[in-house]
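Here is what each chain is made of, one letter per residue.
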Amino acid sequence: MAEQQEQQDAAAPTPDDALGYEHARDALLEVVRQLENGGTSLEESLALWERGEQLAKVCQRWLDGARARLDAALAAEEDGAAGEE
């Protein structure tokens, strides 16, 4: 049941989904910087951690999508080259 909820959560769109890769990456770097600097309360640190997790997922989705596009392009190129032989 918990695994199903995690899958639904991962597939559910979030406001962060509108972020481009670079923007999400920069926001994630800022979250990491704030956590490393310390000086925040436990509640603030937890909120930053959760935000960082969300941003990391956005970045990973972008990277996964880019990898899928590259793989598809390479496969199409190989199919085209095999058809010419």
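Worth saying up front: this structure is predicted, and the values here are computed from it rather than measured.

Criteria and thresholds
- Residues numbered from 1 in each chain as written.
- Predicted model: local features only at pLDDT ≥ 70, side-chain atom pairs only at ≥ 80, totals over all residues.
- Heavy atoms only, no water.
- Helix = DSSP H or I, 4+ residues; strand = E, 2+ residues; numbered from the N terminus.
- Contact = heavy atoms within 4.5 Å.
- Expected span 1.5 Å × (residues − 1).
- Core = buried A, V, L, I, M, F, W, Y, C linked by side-chain atoms within 4.5 Å.
- Buried < 20%, exposed > 50% of the residue type's maximum accessible area, 1.4 Å probe, protein only.
- Salt bridge = Lys/Arg side-chain N within 4 Å of Asp/Glu carboxyl O.
- pLDDT = per-residue confidence, 0-100.

**Digging into the overall build of the chain**
Inference 1: Along the backbone of the chain there are three helices and zero strands.
Inference 2: Each helix (α) and strand (β) of the chain, taken in turn from the N terminus, gives the series α-α-α.
Inference 3: Considering only contacts in the chain between residues 6 or more positions apart, those separated by 24 or more positions represent 76%.

**Points about helix H2 (residues 21-37)**
At 3.6 residues per turn, the α-helix brings residues three or four places apart onto the same side.
Inference 1: The end-to-end C-alpha distance of H2 is 24 Å, a good match for the 24 Å that 17 residues give at a rise of 1.5 Å each.
Inference 2: A positive backbone phi angle near 70° is found at Gly38, which sits one or two residues after H2.

**Brief notes about the nonpolar core**
Soluble globular proteins tend to bury their nonpolar side chains together.
Inference 1: Of all hydrophobic cores here, the largest spans seven residues; its members are Leu19, Ala24, Val31, Leu48, Leu55, Val58 and Cys59.
Inference 2: Mapped onto this core, the elements with two or more residues apiece are H2 and helix H3 (42-84).
Inference 3: It is H3 that provides the largest number of residues to this core, a total of four residues.
Inference 4: Residues in contact with Cys59, not counting those within four places in the same chain, are Tyr21, Ala24 and Arg25.

**Quick word on the pattern of salt bridges**
Inference 1: For the coordinates displayed, the defined rule picks out three salt bridges.
Inference 2: A salt bridge links Arg33 to Glu30; the nearest nitrogen and oxygen atoms lie 2.3 Å apart. With Arg33 and Glu30 both in helix H2 and three residues apart, the pair spans about one turn of that helix.
Inference 3: In this structure Arg33 comes out as partly exposed when scored by relative accessible area, which is 41%.

**Quick word on the environment of Leu28**
Inference 1: Inspection of the secondary structure puts Leu28 in helix H2.
Inference 2: In this structure the C-alpha to C-alpha distance between Leu28 and Gln54, which are 26 residues apart in sequence, comes to 8.9 Å.
Inference 3: With near-sequence residues (within four places) excluded, Leu28 lies in contact with Gly52, Leu55 and Ala56.

**Some thoughts on the confidence of the model for the chain**
Inference 1: Averaged over every residue, the pLDDT of the chain is 86; residues scoring 70 or more account for 79%.
Inference 2: By mean pLDDT, the top-scoring element of the chain is H2 (97), and the lowest-scoring one is helix H1 (residues 2-11) (50).

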